[in-house]
Amino acid sequence: MPCHIDTILVLNAGSSSLKFTLYKIQGEQRLANGVVERIASGSANMVYRRGDGPKTEKPVIARNHSDAIQLVCEALTNPETGVIKTLREIDAIGHRILHGAEIFREATLMTEETLSKVRELVPFGPLHMPANIGGIEACQTIFPGVPNVGVFDTAFHQTMPDYASHYAIPEIYYQKYGFRKYGFHGTSHHFITDAAAEFLGKPVDEVNLVTCHLGNGSSLAAIKNGKVLDTTMGLTPLAGVVMGTRSGDIDPAVVLELVRKGMTADEIDNLLNKQSGLLGVGGINSNDMRDIVEHAAAGYHGAQLALQMWAHRIVQYIGAYYTLVGGADAIVLTGGIGENSWQARDLVLSRLACLGVDYDSEANRTLRGPCYLTKPESKTKVMVLPTDEELMIARETYKVVTQGC
Ligand code: AMP
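Model, not experiment: these values are computed from the prediction.

Draft legend 1. How the structure looks around the layout of surface pockets. The calculated volume of the second largest pocket comes to roughly 480 Å³. Around the second largest pocket, the lining comprises 23 residues; the ones closest to its centre are Arg-105, Glu-106, Phe-156, His-190 and Glu-396. Within the residue set of the lining of the second largest pocket, elements represented by two or more residues are strand 8 (148-152), helix 6 (186-200), strand 11 (227-231) and helix 15 (389-401). Of the residues forming the lining of the second largest pocket, the biggest block, 4 residues, is contributed by helix 15. For the lining of the second largest pocket, the class distribution of residues is 9 nonpolar, 8 polar and 6 charged.

So this is what it looks like as structure tokens:
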């Protein structure tokens, strides 16, 4: 394994998109990033940005993820707009992988053996895992000899004790099918846990936090001494708080009743994952928090209800997780909503005085993260910390590749 690692490519291959970021790892400098969207649709599109420069966008031909990676390579090495001279400058590649089940407790070098174990996990994420695997396979061909590292969205949550991660159904279903809580957004929770410890000036293994990743998909985690004790998502990313289009927690008997009424598994999957949450309740044909806030302020009942349900469920979990960790040093907000929507944050933070949160509503309206939203004397701090999953993947990749150097 090479010990001199300078440039790391991070790939996040979704079902129809490929996000990429190229880093100089010393100094954590982002050289370029972008996305190839609508892969295999016949109308693919590529967004590319060099450093902090302007974004450029153009239509491209991308029949599959391999084509998309080739386009990324061309863009990065383009003599005019690229950032490296040849692909040989790329020392390692980090791949976001949706699900590591119980096999992958941490970022792992992808060899034939480990990759074949990842292939066995496709049933845990039939939409995303094939794309994640396809990305790794394409890189093995395009970058021969360059190490590929898998960074799993579930890995950070693997510290959950069994009493937190198991469902109260007969254990045979866990043993036979692996049904338990795995949790997601692990890379983001990991990043903000490290960042919060640094912000608080405490060693990471001494911090207790409630980390809240609030975006279109949302999850919270209870962090005890820097490790996950519990999290809101489950076997899949459907569980937990109310999300953009996902219901979050519901009584499973609702699903049974829908089956009895004649709906198929795929129809119910679509209903709960794609038609519910802010979109389903708000009734304004949008899952975007900005639209929900705007329509709620204008008096639309559906949007008001959606917003109240969203905040209610988050307050509920913050309270639960604050208790689980035995009192948190801080509640940390991140994700598109957590970082940007002061109105949504206000609905949550104004209800946390009982947890020792002395909330500064003026700071909430005016400041941008990284920042505190509590007064200096607040017993429990609230902070906004922008997440950076790509950077976390680059850090993890570096750690794996330089192990033993
Ligand atoms: P994410 O999935 O993390 O990209 O977050 C997407 C969510 O963040 C959407 O619901 C957006 O409405 C919300 N969001 C993004 N930018 C803003 C903003 N400037 N103000 C309010 N909400 C925002």
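Draft legend 2. Structural context of the state of the cysteines. One pass over the structure, following the stated rule, counts 0 disulfides. Free of any disulfide, Cys-139 has its nearest cysteine sulfur in Cys-73, 7.3 Å distant. A residue is classified by how much of its surface remains accessible, and Cys-139, at 0% relative accessible area, is buried. Here Cys-371 stays unpaired: no disulfide links it, and the sulfur of Cys-212, its closest cysteine neighbor, is 14 Å away.

Draft legend 3. Summary view of the site of the ligand. Contacts to the ligand come from Gly-215, Asn-216, Asn-287, Asp-288, Met-289, Arg-290, Gly-335, Gly-336, Ile-337, Asn-340 and Ser-341. Within the backbone of Arg-290, a nitrogen or oxygen atom sits 3.4 Å from an oxygen atom of the ligand. Between the ligand and Ile-337, the relevant distance is 3.3 Å, taken from an oxygen atom to a main-chain nitrogen or oxygen of the residue. In isolation the ligand has 500 Å² of accessible area, and contact with the protein removes 67% of it. Examining the composition of the shell around the ligand, we find that 4 residues originate from one element, helix 12 (residues 335-340), more than from any other. The residue inventory of the shell around the ligand, partitioned by class, reads 2 nonpolar, 7 polar and 2 charged.

Draft legend 4. The pattern of salt bridges, seen in detail. Considering all chains together, one arrives at 15 salt bridges under this definition. Residue Asp-358 is joined to Lys-375 by a salt bridge in which the shortest nitrogen-to-oxygen separation is 3.5 Å. A residue pair is termed long-range when its members are at least 10 positions apart, and Asp-358 in the loop between helix 13 (342-349) and helix 14 (361-366) and Lys-375 in the loop between strand 13 (371-372) and strand 14 (381-384) qualify at 17 residues. Take Asp-358: its relative accessible area is 28%, and that puts it in the partly exposed class. Here Lys-375 falls in the partly exposed class, since its relative accessible area comes to 32%.

Draft legend 5. Molecular detail of empty space enclosed by the protein. Applying the stated rule across the entire model yields 1 cavity of 30 Å³ or more. Within this model, the largest cavity holds a volume of roughly 30 Å³. Taken together, Leu-11, Asn-12, Ala-13, Leu-18, His-95, Arg-96, Asn-132 and Gly-135 form the lining of the largest cavity. At the level of secondary structure, the elements contributing two or more residues to the lining of the largest cavity comprise strand 1 (7-13), strand 6 (92-97) and helix 3 (129-142). At 3 residues, strand 1 tops the list of elements feeding residues into the lining of the largest cavity. Residue classes in the lining of the largest cavity are distributed as 3 nonpolar, 4 polar and 1 charged.

Conventions and cut-offs
- Residues numbered from 1 in each chain as written.
- Predicted model: local features only at pLDDT ≥ 70, side-chain atom pairs only at ≥ 80, totals over all residues.
- Heavy atoms only, no water.
- 1 Å grid on protein atoms, 1.4 Å probe; cavity = no way out; pocket = protein on both sides within 12 Å on 5 of 7 lines; lining within 4 Å.
- Points joined across faces, edges and corners; volume = space filled by probe spheres on them.
- Helix = DSSP H or I, 4+ residues; strand = E, 2+ residues; numbered from the N terminus.
- Nonpolar A, V, L, I, M, F, W, Y, C, P; charged D, E, K, R; others polar.
- Disulfide = S-S within 2.5 Å.
- Buried < 20%, exposed > 50% of the residue type's maximum accessible area, 1.4 Å probe, protein only.
- Near = heavy atom within 4 Å.
- Polar contact = N/O pair within 3.5 Å; in protein donor to acceptor, adjacent residues only side chain to side chain.
- Areas by Shrake-Rupley, 256 points an atom, 1.4 Å probe, with all protein chains shown as cover.
- Salt bridge = Lys/Arg side-chain N within 4 Å of Asp/Glu carboxyl O.

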